[in-house]
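Coordinate analysis (summary)
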Amino acid sequence: MNPSLSNDEQLRNDANTRAFINRELEARFAPEDAALRSSIIRAQAENVPPIQISPLQGKLLQVLAMACGARTILEIGALAGYSGVWLARSLPPNGKLISLEVSPKHAEIARATFAAAGVSDRAEVRVGPGLDLLPTLVPEAPFDLIFIDADKDNYPHYLDWAIKLSRAGSLIVADNVIRGGRNFQIPPPDADAVGIAAYNRQIQEDPRLVSVAFPNDDDGMDGIAISVVRG
Ligand code: DHB
Ligand code: MG
């Protein structure tokens, strides 16, 4: 804190410093290759909202998947396949990513992204509402890692299914558990905050889980929760 700076200047400094740190971390730990970069360009060209995870979050997912020796990964919410590429690349050759997507258009783009990234042999997109598709996955369970990044009001239901489809030692990861603090406001400002506040409470209170959450998006205003399913 530099006392000679105005509030505005201080905030700009802070934002610039955060952006600098992010750029440096990303360059060192999570550089995007051509396939990841072109996945962003493809999504932009198709007017997909630019709400994919950051490269460092993608790398975090990879590290988590490899830490739990993931061979089977379930993603709830494919969007255009950007996070799916990070996840699929963490799998061994005989591993499998199943990514659920409610929008047929986004699912088509995600498939093209997987093909362009060379992971179609291990990454599959299934189209439909998550709550319709999840019960059909019971024969393919357990999943070693489950990544939840879909409609926020359904997060508590996705968590119930994630636990059903997991094993002791599985990781359940959820994006957007902070949303600039809106998820902690009382009363909750929107339906998304209601859903995620319930999710955060459940992962913290459920005796089957050990959980943590922390800010880790580009500007420190949103973040991911990680839960491990107890043995
Ligand atoms: C939104 C959804 C996301 O999953 C995200 O990471 C950011 C924003 C949204 O719906 O606005
Ligand atoms: Mg998200």
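Given the structure is predicted, the values throughout are model-derived calculations rather than measurements.

**Considerations on the pattern of salt bridges**
Enumeration over the complete set of coordinates arrives at 12 salt bridges. Across the pair Glu124 and Arg126 runs a salt bridge whose closest N-O atoms are separated by 2.7 Å. A relative accessible area of 26% means that Glu124 is categorised as partly exposed. Residue Asp149 pairs with Lys152 through a salt bridge whose shortest N-O separation is 3.3 Å. The pair formed by Asp149 and Lys152 is uniform in burial state, with each residue classed as buried. Linked through salt bridges whose partners overlap, the residues forming this network are Lys96, Glu124, Arg126 and Glu140.

**Concerning the site of ligand 1**
Taken together, the residues surrounding ligand 1 are Ile51, Asp149, Lys152, Asp175 and Asn176. Here Lys152 contributes a side-chain N or O atom positioned 2.8 Å from an oxygen atom of ligand 1. Residue Asp175 places a side-chain N or O atom 3.0 Å away from an oxygen atom belonging to ligand 1. Calculation on ligand 1 without its partners gives an accessible area of 290 Å², and the protein chains cover 55% of this total. Grouping the amino acids of the shell around ligand 1 by side-chain chemistry returns 1 nonpolar, 1 polar and 3 charged.

**What to know about the packing of aromatic side chains**
Taken as a whole and assessed by the stated rule, the structure comprises 2 aromatic pairs. Pairing Tyr82 with Trp86 gives two aromatic rings, centres 6.5 Å apart and planes at 70°, and the pair type is edge-to-face. Here Tyr82 and its partner Trp86 are both found in helix 4 (residues 82–88), 4 residues apart, which amounts to about one turn of the helix. In this structure, Tyr82 and Trp86 share a single accessibility class: buried. Here the aromatic rings of Tyr155 and Tyr199 are separated by 5.5 Å at their centres, their planes lie at 70°, and the arrangement is edge-to-face. In this pair, Tyr155 is assigned in helix 7 (residues 155–164) and Tyr199 in helix 8 (residues 191–205), connecting sequence segments 44 residues apart. By relative accessible area, which is 0% here, Tyr155 ends up buried.

**Digging into the environment of Met66**
Relative to the helices and strands, Met66 resides in helix 3 (residues 55–67). Along the backbone, Met66 and Arg89 are 23 residues apart, and their C-alpha atoms lie at a distance of 10.0 Å.

What counts and how
- Residues numbered from 1 in each chain as written.
- Chains lettered and ligands numbered in written order.
- Predicted model: local features only at pLDDT ≥ 70, side-chain atom pairs only at ≥ 80, totals over all residues.
- Heavy atoms only, no water.
- Salt bridge = Lys/Arg side-chain N within 4 Å of Asp/Glu carboxyl O.
- Buried < 20%, exposed > 50% of the residue type's maximum accessible area, 1.4 Å probe, protein only.
- Near = heavy atom within 4 Å.
- Polar contact = N/O pair within 3.5 Å; in protein donor to acceptor, adjacent residues only side chain to side chain.
- Areas by Shrake-Rupley, 256 points an atom, 1.4 Å probe, with all protein chains shown as cover.
- Nonpolar A, V, L, I, M, F, W, Y, C, P; charged D, E, K, R; others polar.
- Phe/Tyr/Trp six-rings, centres within 6.5 Å; stacked < 30°, edge-to-face > 60°.
- Helix = DSSP H or I, 4+ residues; strand = E, 2+ residues; numbered from the N terminus.

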